[in-house]
Amino acid sequence: MGASRYLFDDNPATQDLTGLRAVALAISNVVVDRRFDTVTVGLNSPWGGGKSTALNLIETELRRRDDVVVVVIDPWEFVDSGDARGTLISRVLEGISTELSRRREEAPAEGTKAKLASAAVDLISKLDALRRRVSWSKVAQVAIKSAVTLTPDLGGLVDALMPEPADEPAAKGMRGFREDFGALLTQMSDCRVVVLIDDLDRSLPDDVLGALEAIKLFLSVEGMAFVIAADDDFIRESLRGALDRHGGGRGRFADRYTEKIVQLPFTLPRLSSADAVAYLTALFVQAEAGRGLAVTVAERASARRVKGEVPYVAANMHESMPTDEHIRLANQIVRGMSSSRRETPRQLKRFLNSFAVRAEMLGAQFEGFPVDILMKLWLLEQNYPHQFRDLVGVSEEKRGQLLADWEAGAGAVPAEIAAWANEPPRASDVVVWVDRYVSFATATVATLQSAAVLDDRQSLHLAQLTDTSSLVRIEAVESMVSMPSTGDEDVARHLATAIVGDRSESALESLQSLAVKRPDLKTAMSEALLDDFVLHALSAQHIPWLAGSFPEVLATVRDRPGISSELLTAIDEESSGVMF
């Protein structure tokens, strides 16, 4: 199929291609289980791990039930509100009111829906009265104190509440909100209200804290359930920052606080090799035959998964799909990618989208470039930049021999490179296409050392390391120090090349700090700094920053032919007394 068909949108799916339906059913059953008066489920996974898709599937399942009212919260509504607590509570009340209005208009004849519809007018009026009492300008500090001490300061909340509306009894206002809200839920014909909160990990630290406070202190009453989809590591880091600013002691309460909020943490499984092959195959089917057929193939793969039948996909599972070519290409990708780069659906989609762009560009220059060869070379470029650089650096006359050496595992050739070279089509058999790919990549990629594509989490971390705010940069460095993770070397390489970008000073500060606090990343950063792209762009202003931690880079720059007198002087001044 054409390369442009490999482009896929990156929005959360409403149909299951990854076997998440079983997870969605399990969580849906938990949140409506009457053995829990109130329950909060934490749905954890890294960005792109399928949280939003799982939440969509949970919503679909819950909306089939008459005894459940579903409210969906988008934390982007917290942005610039200055009041995450009040915003969340108001949105919950508004969501319940909207659902009641919808059911009243449907006017069902009998059952739970009918009971709820008949009581809707009175309930909506009471919800509106509760909503008018939500104002947090005077309770923010009391709520923060409650978060820091992990003990709700209910007396302080009463004393700090706003003046009451004219139609409320004297001295009431927000006083007793929790009790009144709980009493209202008991009038909802045994309905369970389930609040689904997505993307909380994309909110600002204070908004994360405010949302969790609202859930814990005011909304966790009998008849309520919450599903919070977020990267748990990001949530804890946000809480550390927020609590620290409000006197809680950095890191001291973050773990305990989330444990008090979330009773049932659930981590979505990362994609295994077999899962990744099944998901990619479903995507290929979708590209060629449509989403409906892809869903059917994915469902049959899930059935095989449940039975323990490996592989999860087979040719012609449904009609003529998937094809042998779909499965072969999916296996080629999974075998060629490191496990850390294909653990989530988003990583695989981003890989395919980047590949599609490269394929379209190459196709315009070299008609008929075979897809399997193109994929093979794209895998090398993305996952093994050192070897790809070697391939680019050798002459065309010697390139075939280098590929043959890789296939034979000669010398110190890494096992994964030998496996890549021998994966059909064998590298030495397609040298002519390798030459064309290399010539294109050399002209297109500014810096091969940093060619590895960053996932969403890594991209965010790089943005924080180069942020104009010193506080943001310091926190980003500390995060890499306290929570090392797979992919830190790629972030460090990109950071090194960013020192010659439009945020040079910010990048230099973070680079210098990382070199001291994460010495294990120095080799990766040094290699990136020695890339021709970076060396050509260095100026005298960069030298003081590099002198202490990267003297080998300065030595290389000083020995380069054609070095400017200004740059040479700056190096000599900084390296006085230092032997290169």
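Computed from a predicted structure; not experimentally measured.

Chemist: Please give an account of the overall build of the protein that cites residues and values.
Modeler: Helix and strand counts for the protein come out as 29 helices and five strands. Considering the protein as a whole, with its 580 residues, one finds that 52% of them fall into the buried category. Look at the contacts in the protein between residues 6 or more apart in sequence, and 75% of them connect residues 24 or more apart. Summed over all atoms, the accessible surface of the protein reaches about 25100 Å², with 51% contributed by carbon and sulfur.

Chemist: Can you tell me about the packing of helix 8 (residues 177–186) against helix 9 (residues 205–219), naming the residues and giving the values?
Modeler: As a packed pair, helix 8 and helix 9 sit with axes 9 Å apart at the nearest point and diverge in direction by 75°. Taken together, the axes of helix 8 and helix 9 lie roughly perpendicular to each other. Side by side, helix 8 and helix 9 meet where F177, R178 and F181 of the first sit next to K216, L217, F218 and L219 of the second. Looking at the contact of helix 8 with helix 9, its residues break down into five nonpolar, no polar and two charged.

Chemist: Describe the packing of helix 17 (residues 385–393) against helix 18 (residues 396–408), listing the residues and the values that go with them.
Modeler: Their axes nearest at 9 Å, the elements helix 17 and helix 18 cross at an angle of 150°. As the angle between them shows, helix 17 and helix 18 are arranged roughly antiparallel. In contact with Q387, D390, L391 and V392 of helix 17, helix 18 contributes R399, L402, L403 and W406. Taken together, the residues of the contact of helix 17 with helix 18 sort by class into five nonpolar, one polar and two charged.

Chemist: Explain the side chain of Q332 to me, using residue names and the numbers behind them.
Modeler: With respect to the helices and strands, Q332 occurs in helix 14 (residues 324–336). For Q332, a relative accessible area of 2% puts it in the buried group. Sequence-distant contacts of Q332, defined by excluding residues within four places in its chain, comprise D372, M375, K376, L379, E423 and P424.

Chemist: Outline the sheet that holds strand 1 (residues 39–44), supporting the account with residue identities and numerical values.
Modeler: With parallel pairing, the five strands of this open sheet are ordered in space as 2-3-4-1-5. The open sheet terminates on both sides in strands that have one partner only, identified here as strand 2 (68–73) and strand 5 (264–267). On average, adjacent strands in this sheet sit at an angle of 15° to one another, irrespective of strand direction. Here strand 1 runs beside strand 5; their pairing, made up of four bridges, is parallel. Opposite V41, over in strand 5, you have L264 as the bridge partner. Across the sheet, helix 3 (residues 84–106) is in contact with strand 2, strand 3 (192–197) and strand 4 (224–230); its angle to strand 2 comes to roughly 135°. Contacts from helix 9 reach strand 1, strand 3 and strand 4, with the element oriented near 170° to strand 4.

Chemist: Go over unusual backbone geometry with me, naming the residues and quoting the values.
Modeler: Leaving glycine out, the prevailing phi sign among residues is negative, and the prevailing peptide bond configuration is trans. In this structure, the amide linkage connecting V310 to the following residue, P311, adopts the cis form with an omega of 0°. Looking at the element boundaries, P311 is found in the loop between helix 13 (291–307) and helix 14. A cis amide bond links P424 to the next residue, P425, at an omega of 0°. Structurally, P425 can be placed in the loop between helix 19 (415–422) and helix 20 (431–444). Despite not being glycine, D199 shows a phi value in the positive range, around 60°. Along the polypeptide, D199 turns up in the loop between strand 3 and helix 9.

Chemist: Can you lay out helix 13 for me, pointing to particular residues and giving the numbers?
Modeler: Helical geometry: 3.6 residues make up each α-helical turn, so side chains three or four residues apart lie on a common side. Taking 1.5 Å per residue, 17 residues should reach 24 Å; helix 13 reaches 24 Å between its end C-alpha atoms and fits that length. Taken together, the buried positions of helix 13 are occupied by L293, A294, V295, V297, A298, A301 and S302. On its buried face, helix 13 is in contact with helix 12 (273–289).

Chemist: Please give an account of the side chain of S510 that cites residues and values.
Modeler: Within the secondary structure, S510 sits in helix 24 (residues 504–517). The buried category is assigned to S510, whose relative accessible area is 2%.

Chemist: Go over the packing of aromatic side chains with me, naming the residues and quoting the values.
Modeler: Counting across every chain of the model gives six aromatic pairs. Ring geometry for F369 versus W433: centroids 4.7 Å apart, planes at 55°, classification tilted. Here F369 is found in the loop between helix 15 (345–365) and helix 16 (371–383), whereas its partner W433 is found in helix 20, with 64 residues between them in sequence. Both rings, one in F388 and one in Y437, keep their centres 6.1 Å apart while their planes meet at 80°; by these two values the pair is edge-to-face.

Chemist: An account of the nonpolar core is needed here, citing residue identities and associated values.
Modeler: Of all hydrophobic cores here, the largest spans 63 residues; its most connected members are L280, L352, F369, W406 and Y437. The leading source of residues in this core is helix 12, at nine residues. If we ignore the near neighbours within four places in the chain, the residues touching F369 are L362, L374, L377, W433, R436 and Y437. Within the second largest apolar cluster, 43 residues are counted, among which are L93, L130, I235 and V262.

Scoring rules and cut-offs
- Going along each chain's sequence as written, the residues are numbered from 1 onward.
- Only residues with pLDDT of at least 70 are given local features in this predicted model, and only at 80 or more are side-chain atom pairs given and counted; all residues enter the totals for whole chains, interfaces and linings.
- Where side-chain values are given, they derive from all heavy atoms of the structure, hydrogens and water being excluded.
- Secondary structure elements are defined from DSSP: runs of H or I of at least 4 residues count as helices, runs of E of at least 2 residues count as strands, and each element is numbered from the N terminus.
- Exposure is judged per residue with a 1.4 Å probe applied to protein chains only, and the accessible area is read against the type maximum: over 50% gives exposed, under 20% gives buried, and values in between give partly exposed.
- Contacts are assigned to residue pairs with any non-hydrogen atoms lying within 4.5 Å of each other.
- For the area figures, the Shrake-Rupley method with a 1.4 Å probe applies, and any residue is considered shielded solely by the protein chains shown.
- Helix axes are fitted only over the stretch in contact, all axes being lines through C-alpha atoms; the angle between N-to-C directions runs from 0 to 180 degrees.
- Angle categories: roughly parallel below 35 degrees, roughly antiparallel above 145, roughly perpendicular from 65 to 115, and oblique for all the rest.
- Residues are grouped as follows: nonpolar covers Ala, Val, Leu, Ile, Met, Phe, Trp, Tyr, Cys and Pro; charged covers Asp, Glu, Lys and Arg; every other residue, Gly included, is treated as polar.
- Strands qualify as paired when DSSP identifies two bridges or more between them.
- In this scheme, a helix's expected span is set at 1.5 Å multiplied by one less than its residue total.
- Two rings belonging to Phe, Tyr or Trp (six-membered ring only in the last case) form a pair when the distance between their centres is within 6.5 Å. Interplanar angles under 30 degrees mark stacking, angles over 60 mark edge-to-face geometry, and anything in between is tilted.
- Here the nonpolar core consists of buried residues drawn from Ala, Val, Leu, Ile, Met, Phe, Trp, Tyr and Cys, with membership extended through side-chain atoms lying within 4.5 Å.

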